[in-house]
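If you want the building blocks of each chain, they are given just below.
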Amino acid sequence: MSILSSAPAVALAAASAVPADVSASVRQDVHIELGDRAYAIAIGSDLLGQAATYEGLPTSSTALIVSNTTVAPLYGERLRLALAGRHRQVLLVELPDGEVHKNWTTLNSIFDTLLVHGADRKTVLYALGGGVVGDMTGFAAACYMRGVPFVQVPTTLLAQVDSSVGGKTGINHPLGKNMLGAFYQPQRVVCDLDVLQTLPPRELSAGLAEIIKYGPIADMAFFDWIEAHIDALVARDPAALGHAVRRSCEIKADVVGQDERESGLRAILNFGHTFGHAIEAGLGYGAWLHGEAVGCGMVMGAHLSQRLGLVDAPFVARLTRLVERAGLPVTAPKLGVERMVELMRLDKKSEAGEIKFVVIEEPGRAGVRTAPHALVVEVLRHCGAA
Ligand code: NAD
Ligand code: GLY
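Residues numbered from 1 in each chain as written. Chains lettered and ligands numbered in written order. Predicted model: local features only at pLDDT ≥ 70, side-chain atom pairs only at ≥ 80, totals over all residues. Heavy atoms only, no water.

Draft legend 1. Molecular detail of the site of ligand 1. For ligand 1, the set of nearby residues contains 26 residues, the closest of which are Asp-97, Glu-99, Thr-155, Thr-156 and Thr-198. Lys-177 places a polar side-chain atom, nitrogen or oxygen, 2.8 Å from an oxygen atom of ligand 1. Val-195 is positioned such that a nitrogen or oxygen atom in its backbone is 3.0 Å from a nitrogen atom of ligand 1. Burial of ligand 1 by the protein amounts to 90% of the accessible area it has alone, namely 870 Å². Put simply, the parts of the chain that give the shell around ligand 1 at least two residues each are α1 (71–83), α3 (131–143), α4 (157–163) and β9 (176–183). Partitioning the shell around ligand 1 into residue classes produces eight nonpolar, nine polar and nine charged. (Near = heavy atom within 4 Å. Polar contact = N/O pair within 3.5 Å; in protein donor to acceptor, adjacent residues only side chain to side chain. Areas by Shrake-Rupley, 256 points an atom, 1.4 Å probe, with all protein chains shown as cover. Helix = DSSP H or I, 4+ residues; strand = E, 2+ residues; numbered from the N terminus. Nonpolar A, V, L, I, M, F, W, Y, C, P; charged D, E, K, R; others polar.)

Draft legend 2. Spatial organisation of the site of ligand 2. Neighbouring ligand 2 are the residues Asp-162, Lys-168, Lys-252, Glu-262, Arg-266, Leu-269 and Asn-270. Here Asp-162 contributes a side-chain N or O atom positioned 3.0 Å from a nitrogen atom of ligand 2. Between an oxygen atom of ligand 2 and a side-chain N or O atom of Lys-252, the distance comes to 2.6 Å. Out of a free accessible area of 200 Å², ligand 2 has 89% covered by protein chains. Class assignment of the residues belonging to the shell around ligand 2 gives a composition of one nonpolar, one polar and five charged.

Draft legend 3. Structural view of unusual backbone geometry. Non-glycine residue Asn-178 carries a positive phi angle of around 55°. Positionally, Asn-178 belongs in strand β9. For Asn-178, a relative accessible area of 27% corresponds to the partly exposed category. Of note, the phi angle at Arg-236 is positive, near 65°, even though the residue is not glycine. (Buried < 20%, exposed > 50% of the residue type's maximum accessible area, 1.4 Å probe, protein only.)

Draft legend 4. A look at the sheet that holds strand β7 (residues 150–154). The strand order β2-β3-β10-β7-β6-β4-β5 describes an open sheet built from seven strands, whose pairing is mixed. Here the strands that pair on one side only, and so sit at the sheet edges, are β2 (28–32) and β5 (87–95). Along the sheet, successive strands turn relative to each other by an average axial angle of 15°, direction set aside. The pairing of β2 with strand β3 (residues 39–44) spans five bridges and is antiparallel. For Gln-28, the partnering residue across the bridge sits in β3 and is Ile-43. (Pairing = 2+ DSSP bridges. Axes fitted to C-alpha atoms, helices over the stretch in contact; angles between N-to-C directions.)

Structure representation (structure tokens):
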């Protein structure tokens, strides 16, 4: 076993106290410090449809809202009206909905819309949707005329706490997920908590997986808070959601601010993802949602950490119980040990076929390690993959 990078504890702003009486309607900004690419993540209620939310962003003759066939009918017109005073024409393109459409063909349809309408290099793209729309819009913005500004308006919990923040953009290749893309930062992220009320329950749970993730990797006080408020989060209590989104964005902004291009520390954000990606790919994309696979993957990652002597059994039990209470699976699908190992070798963190895992070095601090094959097999068997 080798320690490839034992990430230092993330220096984080202290978590705020439980804001049970704080109205989610108060807009709170989290800042991501990236020099001339720094930006704000605006979090609050009733933001999406207010012109003031977009003040300070580039004005241009054309804006293009990129959304999909599910989200555009819900929120497209509200966003278009809010932007109408900033741009002479506000166009909207509706992509087909689903991970299966996160590909070149769909990306090209964004370029087609831009070119057909004579969009110039000052055109601003607005990503209105979940992580699929956000990742594709960001990649389109990075490519169109070698780069135009874009704004993330994430509408899933997962996108608000993870995918819209940090500038990872891209599409899938038939041979691998998110294999084509660019680091390209948005100009602003707008997290309107109200839109979470229309999310299907499974999608809400998928977002909770990424929220839970921030506890063991960076902030056990936040983990305690999530445990105490998991029922309120599942019930979509606005104040609880507001606090969870804000604290998650603070942690992600800190990590990305220290390691934008994932030369080390940023990899800790992939806790649960090596196991999770293998589950997603093994079952076929869409069978389990990304967040569901990450939830189960975190349980597996905790078991591996325990077998490496880093955390104790009560910690693993606590994490497992929380993942379960969030409505997420904690038992792996029976894909078989060999198949899971084969799929994990395809993970982007692998080097020369050697699988790397994000492990919990101690509750609240993560690192990246390889692990003896026998221990990995034990975990796969214990968690139901055999
Ligand atoms: P998604 O974008 O597919 O959205 C989930 C579903 O919810 C879709 O059917 C969507 O149309 C619908 N939806 C979205 N907002 C809604 C709303 N407010 N009301 C009702 N329905 C709504 O899935 P996701 O979980 O948001 O994102 C997953 C994607 O994010 C994956 O492609 C993953 O690779 C990517 N991702 C990227 C990063 C990153 O750092 N860039 C991080 C994590 C995940
Ligand atoms: N979601 C992992 C990252 O942004 O690095």
